[in-house]
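Take a look at the letters that make up each chain.
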Amino acid sequence: MLADLQTNPALLKLDLYCKGARMDDSCFIEEDGGRKILRTRAGLGSGLELILPGGLWTNVPVSESFAERSPYTVHRERGRYWLRYHGIDVVHVQLSPRPNWYDRAILGTGKAMTRIGTLQGTYLGIYQAKVCEYWTQKPMKTNCKFCSVGLNLGIDDADEKSVDEVMEVVRAARNESGITYVDFNTGHYEGDTYLDILEPYIRRIKSELGLLVGVQTPPHRDLKRYDGLRAMGVNRVSFCFEIFDRQLFEEICPGKHAEYGLDHYLEAIRYCATLGRKGPRHEPWVTNGEIIAGLEPPESSIRAIDWITSVGAIPTVCVFRPLIGTDLEHAEPPQTEDMIPVFRRLYEACMEKGLPIGCAPNVHVSLVMLPEECRSLSNRRFPWQTLKLKAMASVFRRGFERRLADRASAAA
Ligand code: SF4
């Protein structure tokens with residue numbers, strides 16, 4: 001096991017999601033330039049941001065009770081950080097660097113920049129607008145049972161974020177952290193207003209900075225709205241249906257079930273996956289279907305992966321984390337052994353279908369295992385597809401950098 005963890009960073013990343021880690025007293029994360037352990041948005045991350053060998057960025061659970069019995073500990077020795085497994089050094093790890101702008105406030109309003117957005121891995125994540133209304137529904141809240149968004153807002157996130165405030169943070173993250181991608185996330189709002197709310201932010205970012213932009217919202221009832229996003233230059237739409245098993249979906253996501261239903265989530269994914277052929281040709285477009293492995297049997301997660309890839313979308317697979325304060329706080333995280341086949345299938349299904357994985361420049365994600373990161377969990381090799389992806393990534397990166405450079409010289 002120890003040798004596997006040392007040579008297979010994908011396995012290590014997965015095992016850490018499932019087991020968490022304990023922090024040794026020798027650690028001084030913030031003093032050493034690491035990122036503060038935030039109670040984060042979207043209900044999945046709460047942990048220590050690290051970079052594992054192989055350049056895998058991750059977010060390791062350290063606050064939840066299951067992490068207290070983890071075989072992993074994080075140690076600092078002569079200024080370097082190490083992961084130990086049952087007391088034996090496994091690998092040297094790096095702290096994900098905390099950018100200087102994390103310590104600054106917005107000019108004018110004085111709000112801390114981190115209340116507007118934070119880096120998740122190497123991209124900027126913004127939980128836009130007010131709290132998801134499933135948390136405030138009367139007579140009974142209908143929030144997803146794993147979610148912590150209603151616990152976090154107002155603590156780490158500002159609930160009002162003007163376009164100018166967001167632009168100031170995006171510029172800081174672009175100039176100082178080199179981000180290439182901005183991800184907007186909203187919950188459910190009565191009247192399906194989430195896309196109306198996001199569009200002014202998206203237009204400004206696209207026209208002034210040309211960065212890649214993605215949106216993760218509930219599936220709008222008018223699917224034609226996604227044609228509008230595609231035309232606007234949005235690069236990613238993501239729909240989190242979380243659970244493919246219908247009964248578990250209804251139990252764990254009562255708001256989503258009552259408001260949209262699993263079928264509308266699936267229809268939105270199917271519809272959006274066809275939009276790649278439209279729109280500005282220089283703007284890439286991907287559709288993600290997001291699930292949480294560990295909330296349903298692994299076979300059901302695998303069925304979800306096969307369904308998502310069958311319509312030309314790319315699965316985003318999170319590992320269930322029983323966050324403090326949520327309805328599922330006392331549930332157990334999944335076992336690594338049960339997760340390996342799920343993440344192996346994630347890689348294989350994407351490669352079998354020829355989906356464009358790993359093509360966005362400088363996008364490292366800490367909260368999930370990306371499909372391309374799961375390669376070392378599979379014995380199957382896809383030489384032609386791998387070559388094609390490398391070529392696509394290189395063409396796309398060069399085009400993206402050229403457009404950014406043109407924009408910078410036009411602005412100078
Ligand atoms: S839709 Fe569910 S997961 Fe998303 S913010 Fe609302 S309660 Fe949380």
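Source: prediction; values computed, not measured.

Caption draft 1: Molecular detail of the sheet that holds strand β13 (residues 314-319). If you trace the seven strands from one edge of the open sheet to the other, you get β7-β8-β9-β10-β11-β12-β13, paired in mixed fashion. The sheet terminates laterally at β7 (118-120) and β13, the two strands that pair on one side only. Between one strand axis and the next, the sheet turns by 30° as a mean value, whatever way the strands run. Here strand β10 (residues 212-216) pairs with strand β11 (residues 236-242) via three bridges, running parallel. In the strand pairing of β11, V215 is matched with V237. In the packing of helix α5 (residues 194-208) onto the sheet, the strands contacted are β9 (181-185) and β10, and the crossing angle to β10 comes to about 165°.

Caption draft 2: Layout of the environment of Q6. Inspection of the secondary structure assignment puts Q6 in helix α1 (residues 2-7). Relative accessible area serves as the criterion here: at 37%, Q6 is assigned to the partly exposed category. Remark: the alpha-carbon pair of Q6 and C253, spanning 247 residues in sequence, is separated by 37 Å. Among residues more than four places away in sequence, those in contact with Q6 are D89, V90 and V91. Polar contacts involving the side chain of Q6 include one to the main-chain carbonyl oxygen of D89, which spans 3.5 Å. Reaching out from Q6, the side chain makes a polar contact with the backbone oxygen of V90 at a distance of 3.2 Å.

Caption draft 3: Broad picture of the packing of α5 against helix α6 (residues 224-232). Running from amino to carboxyl end, α5 crosses α6 at an angle of 15°, the nearest separation of the two axes being 11 Å. Overall, the two elements α5 and α6 adopt an arrangement that is roughly parallel. The handedness of the crossing between α5 and α6 comes out as left-handed. Residues L195, D196, E199, I202, R203 and K206 of α5 form the contact with α6, whose participating residues are R225, Y226, L229 and M232.

Rules and cut-offs
Residues numbered from 1 in each chain as written. Predicted model: local features only at pLDDT ≥ 70, side-chain atom pairs only at ≥ 80, totals over all residues. Heavy atoms only, no water. Pairing = 2+ DSSP bridges. Helix = DSSP H or I, 4+ residues; strand = E, 2+ residues; numbered from the N terminus. Axes fitted to C-alpha atoms, helices over the stretch in contact; angles between N-to-C directions. Contact = heavy atoms within 4.5 Å. Buried < 20%, exposed > 50% of the residue type's maximum accessible area, 1.4 Å probe, protein only. Polar contact = N/O pair within 3.5 Å; in protein donor to acceptor, adjacent residues only side chain to side chain. Parallel < 35°, antiparallel > 145°, perpendicular 65-115°, else oblique. Left-handed = near helix turned anticlockwise from the far one by under 90°.

None of this, on its own, says anything about what the molecule does.
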